[in-house]
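Letter by letter, the chains look like this.
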Amino acid sequence: MKLDKRDLRILTLLILIAVVFTGLFYYDLNKKIDIGDREVIGTIHFKNNIVQRKLEDQVVWERLENNSPLTNKDTIRSEAFSDALIRLNDGTEINIDENSMFNLDLTGEKPSLEFSQGSLQVKKGSSKESNIVIKSQGSEIDVTSGDVKIEKAGQKDLSLFVEKGSSKLKHNGKEIDVESGRKAELVEGSEVTVKKIPVRLVSPVSQKLFLIEGNDANVGFEWKLDPGFSESLVEVSRSPQFKLPLIESKVSSNKFAASLKEGTYYWRVKTKDPKTSKWESSDTGKFFVAKDEPLRLDSPSNASEYRFVTNPPLVGFSWTKLNTARSYKFEISDSSQFSNILKSLETEATTISLDDLKEGTYHWRVTAHSSFPGSPDKKTSPHSLIIKKDDSYPAPTIIRPSNGSEISLDEIQKGQAIMIWEGNAELVKYKLEISKDIKFSSTNLSKETASNFFQPNWKEFSPGTYYTRVKGFASDGKEGTSSPVSKFSIVEKKTPEEEPKKEEKADKPKPPPLELISPVNNVVQMKGKNSLDFTWKAGPGSDKYEFVLYQIEGPRRTAIYRAQTKSLNLSIRDLTILDEGTFSWELLEHRDGNPTQSRKGNFIIALDQLKTLRPNDIEFISPKRLYKEGKHK
């Protein structure tokens, strides 16, 4: 059947509408919700798996990360095998377990938490202002001076355990005091029952973190029984409802030990009442087992040197992120013993920039504050950096094309023939010259630019040998030293490089080549984009690919993103980790459980071609192997 022009126009319009609305749906699904000027009332300090929040005037659920701010009247929910530790500004801590949901409303004289489902623990803050009321299905729990745990299993069933202090429960017009070590149960159609729990959990304390040494963590359990009770049944599970218990062990003492792998665990102890022969259960304890993550200083590298002429340089400090840290303390001193602290800053980020460091030698370190009670803080060994004042601006260094290199017509056609040089942050513009004469008596190109990269119109250049140089200028018009002259050639096809022959075992054939497709040696315009996309080619049989993205700042190379994938592409949608400048990405292929080959690509991110990039943003490094951290599974 042949469509006429009218049908074609209608079909084209329908396709266009479908594409536009698909794009809008994708954008709405993945966009970060702006909290605007809403009042921030707390922070998520630790999160496992998927925890989401919905703002008061929104219908879309947003996934939360560690250190995400919470605003008043947020609704928080956790999915299966998820949990979170929330700390409000008044010091109140809320530990939310899996499949739980609540709404926070801290307005008025009685701040409240509307509890819908699941289980959570509330620890009252030390300040006088911290006083929260938990509401659920018409009942109110006034957390006056206690630490409480509540669980909502049915539509109206609610259980309350007071771990420390006391609490008031209001139900059906009655007010009931619940003291420490007692449990109140609200069952649909019945009155509230309060009973004393004959077994009290001692260790591990709630929310304790155990770090893995080797393959597992050794966890010791201890509890106390009321007089007359002797038999104990220890239960450990990954679920707060103990649907799939990992450990069920009868013990005659009040201690027990187990080796556990990484994860979130719940435990309780049951004891048999000698009078009724019924098993009575303790409250539920919760603890975490996690890998011992190292805290490292990433940038600047130890003994880095910064030079300036007029204005002190902007120095960016960065360190590794710990999932178990709630905040970091950054310290810098002019003493290796830190006897004289020049700056001490508390932050939840993993980067800090300073632009007021004068000439001299400095030492810096970072301390990570743990989110978990009883877990010690981690402190790095210090790094040093040197800041020197020069009398003149250093000559720019031409990075691409390197001296004696070739530019092929294929590279020109693909837009990969970019001229890049390293300059100085105090230089505001550069003059680039290209000539066929080494003495530059005449030039084929003379271009002034505020950037430290430029892509000439290579169609105006015929194949042959050329010379290039770059000179910088300061804001006061002072002229810097010209770079050494660099030689390059434009050729139809590059001269193949001879590779040394390697003996290959017959039983281990060479894997198919790994090829990076995009982005490679080009400028990526991020204006209007909501993701940074990477693609590559590889032969069949790969187990997985390890991906690392680095930001290049002068002599520093900082890893800002790591991931593993089995696909031939990867997208970064969290654009907050990106900035304008130079980046490199490395890909390591695994076959048969072992790393086989790696490739590296370099590119520049820009919001606008005319936007100035810092001259010290450029450094291209090409190692033959990818540096790997830790063990590969």
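What counts, and where the lines are drawn
Numbers given to residues run from 1 along each chain, matching the order in which its sequence is written. Only residues with pLDDT of 70 or above have their local features reported here, since the model is predicted, and side-chain atom pairs are shown and tallied only from 80 upward, although totals for entire chains, interfaces and linings are computed over all residues. Side-chain figures throughout are based on the complete set of non-hydrogen atoms in the structure, without hydrogens or water. Runs of H or I in DSSP of at least four residues are treated as helices and runs of E of at least two as strands, each being numbered from the N terminus. Only heavy atoms enter the contact rule, under which two residues are in contact if any of them lie within 4.5 Å. Between Lys or Arg on one side and Asp or Glu on the other, a salt bridge is scored when a side-chain nitrogen of the former is within 4 Å of a carboxyl oxygen of the latter. Each residue's exposure class comes from its accessible area (1.4 Å probe, protein chains only) as a fraction of the maximum for that residue type: buried when under 20%, exposed when over 50%, partly exposed otherwise. Two strands are said to pair when DSSP picks up at least two bridges between them. Helix axes are fitted to C-alpha atoms over the stretch in contact, other axes to C-alpha atoms as well, and angles between N-to-C directions run from 0 to 180 degrees. For patch detection, residues must exceed 30% relative accessible area and be free of salt bridges, and they are connected within 9 Å for like charges or within 5 Å for nonpolar side chains (Val, Leu, Ile, Met, Phe, Trp, Tyr). Using a 1.4 Å probe, accessible areas were evaluated by the Shrake-Rupley method; residue-level cover was limited to the displayed protein chains.

**Details of the side chain of N521**
Step number 1: Take N521: it is sitting in the loop between β44 (515-518) and β45 (522-525).
Step number 2: Discounting residues that sit within four places of it in the chain, N521 has contacts with R400, G415, Q416, I418 and N602.

**Side note on the pattern of salt bridges**
Step number 1: Under the criterion given, the structure shown has 26 salt bridges.
Step number 2: Close ionic contact of E235 with R268 constitutes a salt bridge, the shortest N to O distance being 2.5 Å. Of the two residues, E235 is situated in strand β21 (residues 232-237) and R268 in strand β24 (residues 263-272); the sequence distance between them amounts to 33 residues.
Step number 3: A salt bridge links E235 to K270, with the shortest nitrogen-to-oxygen separation between them at 3.9 Å. Of this pair, E235 sits in strand β21 while K270 is found in strand β24, placing the two residues 35 residues apart along the sequence.
Step number 4: Residue classification places E235 among the buried positions, given a relative accessible area of 5%.
Step number 5: Salt bridges here are not isolated pairs; linked through shared partners, they connect E305, R307, K388 and D390.

**Comments concerning the environment of S68**
Step number 1: Summarising the element assignment, S68 is placed in the loop between β3 (62-63) and β4 (69-71).
Step number 2: A C-alpha to C-alpha distance of 8.7 Å links S68 and G42, two positions 26 residues apart in sequence.
Step number 3: When sequence neighbours within four positions are dropped, the list of residues in contact with S68 reads G42, T43 and I44.

**Here we look at the sheet that holds strand β49 (residues 569-572)**
Paired through their backbone hydrogen bonds, the strands of a sheet run either parallel or antiparallel.
Step number 1: Spatial ordering of the open sheet is given by β44-β46-β49, a layout of three strands whose pairing is antiparallel. Both outer strands of the open sheet, β44 and β49, are each paired with one neighbouring strand and no more. Across this sheet, the average inter-strand angle for adjacent strands is 25°, counted without regard to direction.
Step number 2: Here three bridges tie β44 to strand β46 (residues 532-537), and the two strands are oriented antiparallel to one another. Across the sheet, residue S518 finds its bridge partner in β46, namely T535.

**Observations concerning a nonpolar patch on the surface**
Step number 1: Together, I10, L13, L14, L16, I17 and V20 give the surface a local cluster of nonpolar side chains, amounting to about 520 Å² of exposed area.
Step number 2: Structurally, the position occupied by L13 is in helix α1 (residues 5-30).
Step number 3: The class for L13 is partly exposed, based on a relative accessible area of 48%.

So far we have only geometry, and geometry alone does not tell us how the molecule works.
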